[in-house]
Amino acid sequence: MKDTVVVRPRRDPQAVRRFICLGYCGGGVGSYLKWADVLPDGVELAAVCYPGREGRFVEGFAGDWEELVEDVIAAVVSASDLPYVLFGHSMGSWVAFDVASRLEERGHRRPEALVVSSANAPSTGLDAGEVIPSQAQNDEQLLGWMREFGLLPQHVLEDADLQEMAVELMRADIRVRDSFRFRAGSGVTVPVELFTGAGDTTIDPDVQEQWRKLAGNGLRHTELPGSHFYTPGIWDAFPSHISSLRSGTRAA
């Protein structure tokens, strides 16, 4: 595992499981690092850094969906020397699903569970003309979206150059997202946990049925307070809601 690709903020030589987190559109590993403080005993946080940001800033962004997924597969395989739970939020849910599906097809170690958050099932497809954020939005609109959902830390909000970089990163991820194509017949045979926000208007009413068709070993759906990123309190303690992280961990 390269430290710049698989970031482990609190290494635990006694860990019996890893919680591997994949980023959302415009995001990085920073949003997940605080979760190291709320994971069950025996579970180690590992956040995958996509190309073009944070510790991989000098690399070019992924050119399309296929390039990103192959990059993430290599990262997950490198971190799969322990049993692991794979997590993705928003766009990251689709990345996590596609990665888990391809890992099964290729005979790699599967996650113990797939946890998806704030996303309709990838089988619904993508209408790039309707989904937000979009390439059609100008820079100020994209910044407004990121401000609304708390994606911009205070030091970025106060620096025009950093805001420009944030918009560039968001546009790169939107281009990747818009190149997604669902692979007919793909699915996973591991348990799936689905989380959605009670006030998230981007989620379809039949989201449970959508994901259930892709989950070969059962689906558990939990609705949490808040919108796309829940409430700040829920987000900060999000791993405490994931049942697959609590089963079989080391006793305190």
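Everything discussed here concerns the structure shown above.
Residues numbered from 1 in each chain as written. Predicted model: local features only at pLDDT ≥ 70, side-chain atom pairs only at ≥ 80, totals over all residues. Heavy atoms only, no water.

Novice: Even after reading the chapter, I still don't get the sheet that holds strand β6 (residues 192-197), so can you show me in this structure?
Specialist: Spatially, seven strands are ordered β1-β3-β2-β4-β5-β6-β7 in an open sheet, and the strand pairing comes out mixed. The open sheet has two edge strands, β1 (6-7) and β7 (219-224), and neither has a second partner. Alignment of β6 against β7, held across six bridges, turns out to be parallel. By the bridge assignment for β7, V192 is matched with L219. Strand contacts of helix α2 (residues 91-106): β2 (17-22), β4 (84-89) and β5 (113-117), with the helix running at about 145° to β4, the strand carrying the most contacts. (Pairing = 2+ DSSP bridges. Helix = DSSP H or I, 4+ residues; strand = E, 2+ residues; numbered from the N terminus. Contact = heavy atoms within 4.5 Å. Axes fitted to C-alpha atoms, helices over the stretch in contact; angles between N-to-C directions.)

Novice: I would appreciate a short explanation of unusual backbone geometry in the present structure.
Specialist: For S90, which is not a glycine, the phi torsion comes out positive at approximately 55°. One non-glycine residue with positive phi stands out, namely Y230, at about 60°. In this fold, Y230 is placed in the loop between β7 and α7 (232-236). Accessibility expressed as a relative area gives 7% for Y230, which makes it buried. (Buried < 20%, exposed > 50% of the residue type's maximum accessible area, 1.4 Å probe, protein only.)

Novice: Sorry, what's going on with the pattern of salt bridges here?
Specialist: Side chains carrying opposite charge are able to pair once their charged atoms draw close together. In this structure the tally under the stated criterion is 20 salt bridges. The partner of R10 in a salt bridge is D37, and the shortest N-O contact between them spans 2.5 Å. With a gap of 27 residues between them, R10 in the loop between β1 and β2 and D37 in the loop between β2 and β3 (43-48) connect regions that are remote in the sequence. Of the charged contacts, one joins D98 and R183 as a salt bridge, the two residues approaching to 3.2 Å between their closest N and O atoms. Here the residue D98 occupies a position in helix α2, and R183 occupies one in the loop between α5 (160-178) and β6, the gap between them amounting to 85 residues. With a relative accessible area of 23%, R183 lands in the partly exposed category. One salt-bridge network, held together by shared partners, links E66, E70, D98, R102, E105, R106 and R183. (Salt bridge = Lys/Arg side-chain N within 4 Å of Asp/Glu carboxyl O.)

Novice: Any chance you could explain the packing of aromatic side chains here in plain terms?
Specialist: The description of an aromatic ring pair rests on the distance of the ring centres and on the angle between the ring planes. As enumerated under the stated definition, the model contains 20 aromatic pairs in all. Between Y24 and F229, the ring centres sit 4.9 Å apart and the planes meet at 80°, which makes this aromatic pair edge-to-face. Taken together, the residues Y24 in the loop between β2 and β3 and F229 in the loop between β7 and α7 connect sequence positions 205 residues apart. Centre to centre, the rings of Y24 and W235 are 6.5 Å apart; their planes meet at 70°, and the pair counts as edge-to-face. Taken together, the residues Y24 in the loop between β2 and β3 and W235 in helix α7 connect sequence positions 211 residues apart. Accessibility classification places Y24 together with W235 in one group, the buried group. (Phe/Tyr/Trp six-rings, centres within 6.5 Å; stacked < 30°, edge-to-face > 60°.)

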